[in-house]
Amino acid sequence: MKTPALAVDVEGGPFVPMMLDRREPRGDDVQIEIAFTGICHSDLHRVQGDWDNGIFPMVPGHEIAGVVSAVGEDVSAYRVGDRVGVGVMVNSCGTCEHCLDDKQQFCVKGVVETYNSRDYDGSATYGGYSRSIVVREPFVHRVPDEIELSGAAPLLCAGVTVYSPLLRWGPVAGRSVAVVGIGGLGHLAVKMAAALGAEVTAVSRGPEKRADAQRLGAVGHLATEGASGPDGSRNRFDLILNTVSASLAMDHYLAMLRPGGVLVNVGAPAAPVSCEPFSLIAGNRAIAGSMIGGSAETRDMLRFCADNGIRADVEVVDARTIESAFRRVRDGDVRYRLVIDAATIGT
Ligand code: NAP
Ligand code: ZN
């Protein structure tokens, strides 16, 4: 089936229209008419070549929400018309220890990502900046009725990426949690951590997001611009979730941890992370990382969001404005996630 898409042919862009050939649904495939796709900062990293080599042409997009338009004969959980989402993964072996442990992102055979990846038959994957997609049932997730599709799309990557470490390094109830970088991931982290009962402090460059931070559920807000050190925030947090897309001075943030505290990096800048050994040794502090979340965890997260009134704060953009949308993500001029109206792709 042919479907219009937005592609970049070379590292750095620009976007050009492309007609994609999606496979006809096989046994356990679900064909989805995409309604909205979030613009994750990872899309920007990928397009501009911040990480490994890209596969071009590249059709980004791994925060997908839409409606089922066809199913293969072995699909049991979904029917035409169901509201569903797809995140960062579209295939894994399903049998290795990590797949069996719901950590398909660490699949021994190699997880197949929604775009910029090769499926096991060698074909390149193309993501959600398109009108439709065909995905195996285990990687399709039901969007709860309570959450509109636009606000659901970013939960499929940003949402589960912050939910997973909050659980792993929790329970956070009654504990002091800082979220650094209040963007797509960060604003959801504040909402989720607050709903989990943490005392949340939002940490931003400037003071502009202070009022928003409170609305999102934070009890405190710190502006770091101009600060030479952690000042009054030394030894203050049990957990710091760093969602910043650029490199940070780690020693500054490690000093904000209480003894035994953990700084979890989910932000993925191109440069290495480094710190003084004594920033860790003094206080038994740790630095960790966290990569998205598994399929069952994604479904738990969607239920958690529905039960707690959580969705992403989104601004819907027309696909024809994709270049300015990307510029805004690069400039940090988004509150808090841009989602592409897929119906405008190819128009
Ligand atoms: P985003 O919406 O652009 O938000 C990033 C936030 O970081 C900005 O809103 C800003 O917050 C802060 N920031 C930006 N530039 C900064 C700088 N130079 N110095 C200090 N703070 C800065 O990005 P996102 O979509 O949330 O993604 C954030 C990062 O997570 C990206 O690197 C992305 O690739 C990564 N990511 C990782 C995973 C994973 O599995 N680990 C999954 C998805 C995304 P303030 O205005 O509050 O300062
Ligand atoms: Zn993402």
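Above this text sits the structure in question.
Residues numbered from 1 in each chain as written. Chains lettered and ligands numbered in written order. Predicted model: local features only at pLDDT ≥ 70, side-chain atom pairs only at ≥ 80, totals over all residues. Heavy atoms only, no water.

## Some remarks on the overall build of the protein chain
So, step 1. Across its full length, the protein chain carries 10 helices and 17 strands.
So, step 2. Taking 347 residues into account, the globule formula puts the C-alpha radius of gyration at 20 Å, and the protein chain, at 20 Å, falls close to it.
So, step 3. If you line up the protein chain on its principal axes, its C-alpha atoms span 60 × 40 × 35 Å.
So, step 4. Across the 347 residues that make up the protein chain, the buried fraction comes to 56%.
So, step 5. Counted over contacts in the protein chain with a minimum sequence separation of 6, partners at least 24 positions apart contribute 68%.
So, step 6. Accessible surface computed for the protein chain: about 14400 Å², of which carbon and sulfur atoms make up 50%.
So, step 7. Where the 33 positive side-chain charges of the protein chain centre and where its 42 negative ones centre are 3 Å apart. (Helix = DSSP H or I, 4+ residues; strand = E, 2+ residues; numbered from the N terminus. Rg over C-alpha atoms; globule rule 2.2 N^0.38 Å. Buried < 20%, exposed > 50% of the residue type's maximum accessible area, 1.4 Å probe, protein only. Contact = heavy atoms within 4.5 Å. Areas by Shrake-Rupley, 256 points an atom, 1.4 Å probe, with all protein chains shown as cover. Lys, Arg positive; Asp, Glu negative; His and termini not counted. Charge placed at Lys NZ, Arg CZ, Asp CG, Glu CD.)

## Structural notes on the site of ligand 1
So, step 1. Taken together, 27 residues surround ligand 1, and among them His41, His45, Ser204, Lys209 and Arg337 come closest.
So, step 2. Contacts to ligand 1 include Ala268, whose backbone N or O atom sits 2.9 Å from an oxygen atom.
So, step 3. One of the side-chain nitrogen or oxygen atoms of Arg337 is found 2.7 Å away from an oxygen atom of ligand 1.
So, step 4. Secondary-structure elements contributing two or more residues to the shell around ligand 1 are helix H1 (41-47) and helix H5 (184-195). (Near = heavy atom within 4 Å. Polar contact = N/O pair within 3.5 Å; in protein donor to acceptor, adjacent residues only side chain to side chain.)

## As for the coordination of the zinc ion (ligand 2)
So, step 1. Within the protein, Cys40 (SG), His62 (NE2) and Cys157 (SG) serve as the donor atoms for the zinc ion (ligand 2), at 2.0 to 2.2 Å.
So, step 2. Binding-site remark: the zinc ion (ligand 2) is held by donors from one chain whose sequence spacing is C-x21-H-x94-C. Separated by 117 residues along the polypeptide, Cys40 in the loop between strand S3 (29-38) and H1 and Cys157 in the loop between helix H3 (149-152) and helix H4 (158-168) bring together distant segments of the chain. Here Cys40 and Cys157 have matching classes, each one buried. (Donors = N, O, S within 2.8 Å, 3.2 Å for Na, K, Ca; no water.)

## A closer look at unusual backbone geometry
So, step 1. Here the amide bond leading from Gly170 into Pro171 is cis, since omega sits at 5 degrees, within 30 degrees of zero.
So, step 2. Cis peptide bonds are those with omega within 30 degrees of zero, and the linkage from Arg335 to Tyr336 qualifies with 0 degrees.
So, step 3. On the secondary structure map, Tyr336 appears in the loop between helix H10 (322-331) and strand S17 (337-341).
So, step 4. A positive phi angle, near 55 degrees, is found at Asn235, a position not held by glycine.
So, step 5. By the secondary structure assignment, Asn235 is in the loop between strand S12 (220-223) and strand S13 (237-242).
So, step 6. The partly exposed category is assigned to Asn235, whose relative accessible area is 39%.

## Comments concerning the nonpolar core
So, step 1. Ranked by size, the top nonpolar core spans 93 residues in total, and within it Ile39, Tyr129 and Met192 carry the most contacts.
So, step 2. Among the elements that take part in this core, H5 stands out by supplying six residues, more than any other.
So, step 3. Formed by 13 residues, the second largest nonpolar core is a distinct cluster that contains Val180, Val244, Met256 and Leu257. (Core = buried A, V, L, I, M, F, W, Y, C linked by side-chain atoms within 4.5 Å.)

## Here's the deal with the packing of H4 against H5
So, step 1. With their axes 8 Å apart at the nearest point, H4 and H5 run at an angle of 45 degrees to one another. Overall, the two elements H4 and H5 adopt an arrangement that is oblique. As for the relative orientation of H4 and H5, their crossing is right-handed in sense. Residues Ala158, Gly159, Thr161, Val162, Tyr163 and Leu166 of H4 form the contact with H5, whose own contacting residues are Gly184, Leu185, Leu188, Ala189, Met192 and Ala193.
So, step 2. Across the contact of H4 with H5, the residue classes break down as nine nonpolar, three polar and no charged. (Axes fitted to C-alpha atoms, helices over the stretch in contact; angles between N-to-C directions. Parallel < 35°, antiparallel > 145°, perpendicular 65-115°, else oblique. Left-handed = near helix turned anticlockwise from the far one by under 90°. Nonpolar A, V, L, I, M, F, W, Y, C, P; charged D, E, K, R; others polar.)

## What about the pattern of salt bridges?
So, step 1. Tallied over the full model, the rule gives 19 salt bridges.
So, step 2. Two residues, Asp212 and Arg215, come together in a salt bridge whose shortest N-O distance is 3.8 Å. Note that Asp212 and Arg215 are positioned in helix H6 (residues 210-216) at a spacing of three residues, about one turn of the helix.
So, step 3. Taking relative accessible area as the criterion, Asp212 reaches 16% and is therefore assigned buried.
So, step 4. Assessed through its relative accessible area of 51%, Arg215 is described here as exposed.
So, step 5. Note that Arg328 and Glu315 form a salt bridge whose closest N and O atoms lie 2.9 Å from each other. Of the two residues, Arg328 is situated in helix H10 and Glu315 in strand S16 (residues 314-318); the sequence distance between them amounts to 13 residues.
So, step 6. Taking relative accessible area as the criterion, Arg328 reaches 23% and is therefore assigned partly exposed.
So, step 7. Given a relative accessible area of 32%, Glu315 falls into the partly exposed group.
So, step 8. Each of Lys191, Asp212, Arg215, Asp313 and Arg335 takes part in one network of salt bridges that share partners. (Salt bridge = Lys/Arg side-chain N within 4 Å of Asp/Glu carboxyl O.)

Everything listed here is a matter of coordinates, which is why it stays silent on function.
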